[in-house]
Amino acid sequence: QVQLVESGGGLVQAGGSLRLSCAASVMISSLNTMGWYRQAPGKQREWVATITKSSITNYVDSVKGRFTISRDNAKNTVYLQMNSLNPEDTAVYYCLGRRVVTMTDSRDYWGQGTQVTVSS
């Protein structure tokens, strides 16, 4: 089983920074894609950022230039550095690990989430 544990959430003022961590129970090199999603109250879960095994990164438009996703393979940990935070970033942030099994099948693993609250 793949277990993902997020940490680093908390309360921060608008314009501030926060770094989230996602520690995996397996070698993250065994997962094709790692990513971050978030869910604000009353909203659908939203994709935020992904990073592949080859370090290709993608971001939702609203966080481009402010957030950076990265990996530390030695620690089996994925990070989300969040700068210039605004209240719209307030949400529960979830870590995703995806393993591609076949051309038509993949398996997703989720962490429990960590709360990020940005005050104005």
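Scroll up for the structure.
Remember, predicted model here, so these are calculated numbers, not experimental data.

Novice: Whenever I open this one, the overall build of the protein confuses me. Can you help?
Specialist: Helix and strand counts for the protein stand at 0 helices and 11 strands. Counting from the amino terminus, helix and strand elements in the protein follow one another as β-β-β-β-β-β-β-β-β-β-β. The C-alpha radius of gyration computed for the protein amounts to 14 Å, which stays within 12% of the reference 14 Å derived for 120 residues, consistent with globular compactness. Its C-alpha atoms give the protein principal-axis dimensions of about 45 × 30 × 25 Å.

Novice: Sorry if this is basic, but what is going on with the nonpolar core here?
Specialist: In globular proteins that are soluble, nonpolar side chains generally tend to be buried together. By size, the foremost hydrophobic cluster in this structure holds 30 residues, and its most contacted members are M34, W36, L80, M82 and Y93. Residue assignment for this core shows that the elements contributing at least two residues are strand 3 (18-24), strand 4 (33-39), strand 5 (46-52), strand 7 (67-72), strand 8 (77-82), strand 9 (91-102) and strand 11 (114-119). Here the element with the most residues in this core is strand 3; it accounts for 4 residues. Among all residues touching L80, those that are not within four sequence positions of it are L18, R19, L20, W36, V48, A49, F67, T68, I69 and Y93.

Novice: Would you take a moment to explain the state of the cysteines for this structure?
Specialist: Disulfide: a covalent bond connecting the sulfur atoms of a pair of cysteines. Inspection of the entire model under this criterion finds 1 disulfide. Each sulfur in the disulfide pair C22 and C95 lies 2.0 Å from the other. The S-S bond linking C22 to C95 shows a torsion near -85°; that makes this disulfide left-handed. Separated by 73 residues along the polypeptide, C22 in strand 3 and C95 in strand 9 bring together distant segments of the chain.

Definitions and cut-offs
- The numbers attached to residues start from 1 for each chain and follow its sequence in the written order.
- It should be noted that, the model being predicted, local features are given only for residues of pLDDT at least 70 and side-chain atom pairs only at 80 or more, the latter also being counted only at that level, while totals for whole chains, interfaces and linings use all residues.
- Side-chain calculation: all heavy atoms of the structure are included, whereas hydrogens and water are not.
- The secondary structure listing takes helices from DSSP runs of H or I that are at least 4 residues long and strands from runs of E that are at least 2 residues long, numbered from the N terminus.
- Atoms considered for the radius of gyration are the C-alpha atoms alone. The globule rule reads 2.2 Å times the number of residues to the power 0.38.
- To qualify as a nonpolar core, a set must consist of buried Ala, Val, Leu, Ile, Met, Phe, Trp, Tyr and Cys residues joined through side-chain atoms within 4.5 Å.
- Only protein chains enter the calculation, and the probe is 1.4 Å; a residue is then buried if its accessible area is under 20% of its type maximum, exposed if over 50%, and partly exposed in between.
- Contacts: residue pairs with any heavy atoms within 4.5 Å of one another.
- Pairs of cysteine sulfur atoms within 2.5 Å are what we label disulfides.

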